[in-house]
Amino acid sequence: MAIEIHWIRDDQTLAEHCQSWHELPFVALDTEFMRVDTFYPKAGLIQVGDGQRAYLIDPLLIRDWKPLAGLLEDSGVVKVLHACSEDLEVLLRLTGKLPQPLFDTQLAAGYLNIGFSMGYSRLVHEVLGIDLPKGETRSDWLQRPLSDTQVSYAAEDAVHLAELFTGLRPRLSDDKYAWVLEDGAELVAALRREVEPETLYRDVKLAWKLGRQQLAVLRELCVWREREARSRDVPRNRILKEHSLWPMAKSQPDSPSALGKIDEMHPRTIRQDGETLIQLIKRAASLPQEQWPEPLPEPLPIEAAGILKRLRAIGQAEGERLGIAPELMLRKKALEALLKSGYPDGPYQLPETLRGWRRERMGQALLDDLAGAGDSR
């Protein structure tokens, strides 16, 4: 069956179509982009599916994204995407807005226990019985004209994504449908809370082994690297390699030759930014003590692995009861945060990251289990 394709190549056509999409109960959204040597994704195509047709928006020709921004924020129109974290970045970059309510078909598959982290082609085959041709994911979406293969691939994506929603929605109970939207809202909120560069040092591997003065240096290096990556629009590792951060904070090199001895330090980095880095390290190292970060907590000891496994089992049992993929139940980071809140002897506090239906259904069981473990020791 030939797919009806409509191209949108100017602001007025986009505005007209967006106006008609406001009348629909849902639209399917997909994006094609390039991100080879840039910090931000470069949009090559935006696809919209309404259940019958595919609309292909050419982002290289559109100047006014306000109509699409309005559609993204229209709470009466469900936006359907698949495994959408990078699509969200593309839409935010173009329109300044994010879709709500958001229905992620990959999450829906997990809530129906069809599979977890299921790729788009497999899900289309599973739900619609359609075999998609091999993807065009590696092709150049910024080239013009796009090839016929690219165009049909992009159009099929938009149409089948809409069909997926129509196929999955009736299989979800009202509870599960609400939970899919709740998780979608969480994805959007996580992207809105753009990471503060000042907090990035906490995620550096082995940062907990550094003293407070060294952490002050690490913090400034991470802030500088993040800001430079954003302003130059290049990947973070092109500015400064991840593996160089920790040794720089520890040894605090004060000359180009000392910088050259740092793990994975690129000669280009020394040439381009060496002097800046030396000054930055010197300045951060001489901050007064009251401006140093607090020490970072040590990771949980190996013996805590058994407790984590037991807590995970609470989620798995609940997942079995509800017919939800176990991986969707309790996330490892939330369980680790819970355990760190009072390890080893308690009392424990549910972390802020355990929220919504998961907190309501499993929060007390987790706390009870930990309290019982404390009593039995």
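All values derive from a computational prediction rather than experimental measurement.

1. Points about the overall build of the chain
Consideration 1: Counting secondary structure elements, the chain contains 15 helices and 6 strands.
Consideration 2: Counting across all 377 residues of the chain, residues that qualify as buried make up 46%.
Consideration 3: Total accessible area computed for the chain in this model is approximately 19400 Å², and 50% of it derives from carbon and sulfur atoms.

2. Some words on the side chain of T38
Consideration 1: Inspection of the secondary structure puts T38 in the loop between β2 (26-34) and β3 (42-49).
Consideration 2: The exposure class assigned to T38 is buried, which follows from its relative accessible area of 11%.
Consideration 3: Only 2.7 Å separates the side chain of T38 from the backbone oxygen of Y40, close enough to count as a polar contact.

3. Remarks on the pairing of β3
Consideration 1: Of all 8 residues making up β3, 7 are buried, and the element is well covered by its neighbours.
Consideration 2: In the sheet, β2 pairs with β3 via 7 bridges, with the strands oriented antiparallel. The residue bridging T31 from the neighbouring strand is I46, located in β3.
Consideration 3: In the sheet, β3 pairs with strand β4 (residues 53-57) via 4 bridges, with the strands oriented antiparallel.

4. Topic: the state of the cysteines
Consideration 1: In the structure shown here, the tally under the stated rule is 0 disulfides.
Consideration 2: Among the cysteines around C84, which has no disulfide bond, C18 carries the closest sulfur, lying 19 Å off.
Consideration 3: Take C84: its relative accessible area is 1%, and that puts it in the buried class.

5. Description of unusual backbone geometry
Consideration 1: In the segment running from Q100 into P101, the intervening peptide bond is cis, with an omega of -10 degrees.
Consideration 2: Assignment of secondary structure puts P101 in the loop between α3 (85-95) and β6 (102-104).
Consideration 3: With an omega dihedral of 5 degrees, the bond running from Y343 to P344 counts as a cis peptide bond.
Consideration 4: Following the sequence through the fold, P344 ends up in the loop between α14 (332-340) and α15 (356-376).
Consideration 5: The residue A83 is not glycine, and still its phi comes out positive at about 45 degrees.
Consideration 6: Within the element layout of this structure, A83 appears in the loop between β5 (78-81) and α3.
Consideration 7: Residue classification places A83 among the partly exposed residues on the basis of a relative accessible area of 35%.

6. Digging into the packing of aromatic side chains
Consideration 1: Taken as a whole, this structure holds 9 aromatic pairs when the rule is applied.
Consideration 2: Aromatic side chains F103 and F165 sit 4.8 Å apart centroid to centroid with 90 degrees between the ring planes, which places their arrangement in the edge-to-face category. With F103 in strand β6 and F165 in helix α6 (residues 148-168), the pair connects residues that are 62 residues apart, well separated along the chain.
Consideration 3: Judged by relative accessible area, F103 falls into the buried class, the value being 0%.
Consideration 4: Relative accessible area serves as the criterion here: at 8%, F165 is assigned to the buried category.
Consideration 5: Feature note: the residues F26, F103, F165 and Y177 constitute an aromatic cluster, connected by ring pairs.
Consideration 6: Residue placement shows R9 over the ring face of W7; its charged tip is 4.3 Å from the ring centre.

7. Structural notes on the sheet that holds β6
Consideration 1: Spatial ordering of the open sheet is given by β1-β4-β3-β2-β5-β6, a layout of 6 strands whose pairing is mixed. The two strands at the open ends of the sheet, each matched to only one other strand, are β1 (4-8) and β6. The mean angle between the axes of side-by-side strands here comes to 25 degrees, regardless of whether they run parallel or antiparallel.
Consideration 2: Two elements, β5 and β6, share 3 bridges in a ladder whose sense is parallel. Bridging across to β6, K79 finds its partner in L102.
Consideration 3: Along the sheet, α3 contacts β2, β3, β5 and β6; its crossing angle with β2, the most-contacted strand, is approximately 90 degrees.

8. Quick notes on the pairing of β5
Looking down a regular strand, the side chains alternate between one sheet face and the other.
Consideration 1: Residues of β5 alternate between two faces, with V78 and V80 on one and K79 and L81 on the opposite face, all of them buried.
Consideration 2: Here β2 runs beside β5; their pairing, made up of 3 bridges, is parallel. From the neighbouring strand, V27 faces β5, where its bridge partner is K79.
Consideration 3: Viewed along the sheet, the connection from β5 through α3 into β6 turns out right-handed.

9. Remarks on the packing of helix α13 (residues 305-322) against α14
Consideration 1: Relative to each other, α13 and α14 sit at 125 degrees, their axes nearing to 10 Å. As the angle between them shows, α13 and α14 are arranged oblique. The crossing of α13 and α14 is right-handed. Counting all contacts with α13, which are made through I307, L308, L311 and R312, the residues of α14 involved are L335, E336, L338 and L339.
Consideration 2: Here the residues of the contact of α13 with α14 sort into 6 nonpolar, no polar and 2 charged.

10. Things to note about the packing of α3 against helix α7 (residues 174-192)
Consideration 1: It is the contact of α3 with α7, at a shortest axis distance of 11 Å, that shows an interaxial angle of 55 degrees. One finds that α3 runs oblique with respect to α7. At the point where α3 passes α7, the crossing takes the right-handed sense. On α7, the residues that touch L88, E89 and L92 of α3 are L187, V188 and L191.

Rules used in this analysis
- Residues numbered from 1 in each chain as written.
- Predicted model: local features only at pLDDT ≥ 70, side-chain atom pairs only at ≥ 80, totals over all residues.
- Heavy atoms only, no water.
- Helix = DSSP H or I, 4+ residues; strand = E, 2+ residues; numbered from the N terminus.
- Buried < 20%, exposed > 50% of the residue type's maximum accessible area, 1.4 Å probe, protein only.
- Areas by Shrake-Rupley, 256 points an atom, 1.4 Å probe, with all protein chains shown as cover.
- Polar contact = N/O pair within 3.5 Å; in protein donor to acceptor, adjacent residues only side chain to side chain.
- Pairing = 2+ DSSP bridges.
- Disulfide = S-S within 2.5 Å.
- Phe/Tyr/Trp six-rings, centres within 6.5 Å; stacked < 30°, edge-to-face > 60°.
- Lys NZ or Arg CZ within 6 Å of the ring centre and 35° of its normal.
- Axes fitted to C-alpha atoms, helices over the stretch in contact; angles between N-to-C directions.
- Contact = heavy atoms within 4.5 Å.
- Right-handed = clockwise from strand over helix to strand, strands pointing away.
- Parallel < 35°, antiparallel > 145°, perpendicular 65-115°, else oblique.
- Left-handed = near helix turned anticlockwise from the far one by under 90°.
- Nonpolar A, V, L, I, M, F, W, Y, C, P; charged D, E, K, R; others polar.

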